[in-house]
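This is what each chain is made of:
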Amino acid sequence: EYDYLTEDEDRQARYMYDFMHMVFSHPSVTQFIMWSFWEGQVWKKPCALFREDWTPKPSGQVFKDLVLDTWWTRANGRTDDQGNYRTRGFLGDYLIRVKVGANEHAFTTRLDRVGLNMEIVVSDTGEITHRENK
């Protein structure tokens, strides 16, 4: 559980940055809970990441930057001449879209610590299927 009670918003943002890096990098941590997300629903308003009007405090901006940008995998590409495409991603759930001509196939998968190899097959008729190998 995480809260950081201080009136010093810059200090709170620096601490949020350090704390999130610590929990994100530790292999035993799978999640953490924050009680003070929004000033409109918290009893310790200085702990909140977002003001009552939903504008982010400096700590809220740190949270958004790390979770939605730095640690969010967005990959886009084309296969090479052998039909291979490789990318790396953060652990978690993924929506993958494969498009060949007018045909598109979308599916979900989970990347865990074991890793993931996926084979995507395009038939002569353009049908797209996939198989995961862990």
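The structure we're discussing is the one just above.
Rules of the game
Residues numbered from 1 in each chain as written. Predicted model: local features only at pLDDT ≥ 70, side-chain atom pairs only at ≥ 80, totals over all residues. Heavy atoms only, no water. Helix = DSSP H or I, 4+ residues; strand = E, 2+ residues; numbered from the N terminus. Rg over C-alpha atoms; globule rule 2.2 N^0.38 Å. Buried < 20%, exposed > 50% of the residue type's maximum accessible area, 1.4 Å probe, protein only. Contact = heavy atoms within 4.5 Å. Areas by Shrake-Rupley, 256 points an atom, 1.4 Å probe, with all protein chains shown as cover. Lys, Arg positive; Asp, Glu negative; His and termini not counted. Salt bridge = Lys/Arg side-chain N within 4 Å of Asp/Glu carboxyl O. Polar contact = N/O pair within 3.5 Å; in protein donor to acceptor, adjacent residues only side chain to side chain. Pairing = 2+ DSSP bridges. Phe/Tyr/Trp six-rings, centres within 6.5 Å; stacked < 30°, edge-to-face > 60°.

## Description of the overall build of the protein
For step 1, the next point in the chain: Across its full length, the protein carries 2 helices and 4 strands.
For step 2, the next point in the chain: Going from N to C terminus, the protein has its helices and strands arranged as α-α-β-β-β-β.
For step 3, the next point in the chain: Here the protein has a C-alpha radius of gyration of 20 Å; the compact-globule value for 134 residues is 14 Å, and the former is much larger.
For step 4, the next point in the chain: Dimensions along the principal axes, computed over C-alpha positions, put the protein at roughly 65 × 30 × 25 Å.
For step 5, the next point in the chain: Per-residue burial over the protein gives 24% buried out of 134 residues.
For step 6, the next point in the chain: Restricting the contact set of the protein to residue pairs at least 6 apart, pairs at least 24 apart contribute 29%.
For step 7, the next point in the chain: As displayed, the protein offers around 10,200 Å² of accessible surface, 49% of which is attributable to carbon and sulfur atoms.

## Here we look at the side chain of E39
For step 1, the next point in the chain: Relative to the helices and strands, E39 is located in the loop between α1 (9-25) and α2 (58-70).
For step 2, the next point in the chain: Buried within the structure, E39 lacks any salt-bridge partner; K57 is the closest side chain of opposite charge, at an N-O distance of 4.2 Å.
For step 3, the next point in the chain: Within the structure, the side chain of E39 is placed 3.0 Å from the backbone nitrogen of E52, a separation counted as a polar contact.

## Points about the side chain of S36
For step 1, the next point in the chain: Looking at where S36 falls in the secondary structure, it is placed in the loop between α1 and α2.
For step 2, the next point in the chain: The class for S36 is buried, based on a relative accessible area of 3%.
For step 3, the next point in the chain: In this structure the side chain of S36 is engaged in a polar contact, spanning 2.7 Å, whose partner is the side chain of D3.
For step 4, the next point in the chain: Not counting chain neighbours up to four residues away, the residues in contact with S36 comprise D3, V42, K44, C47, A48 and L49.

## Points about the pairing of strand β3 (residues 117-122)
For step 1, the next point in the chain: Direction of pairing for β3 relative to strand β4 (residues 128-133): antiparallel, over a ladder of 6 bridges. The partner of V122 across the bridge, within β4, is I128.

## Some remarks on the packing of aromatic side chains
For step 1, the next point in the chain: Counted by the stated rule, this structure contains 13 aromatic pairs.
For step 2, the next point in the chain: Aromatic ring contacts, followed pair by pair, group Y2, Y4, Y15, F19 and F32 into a single cluster.

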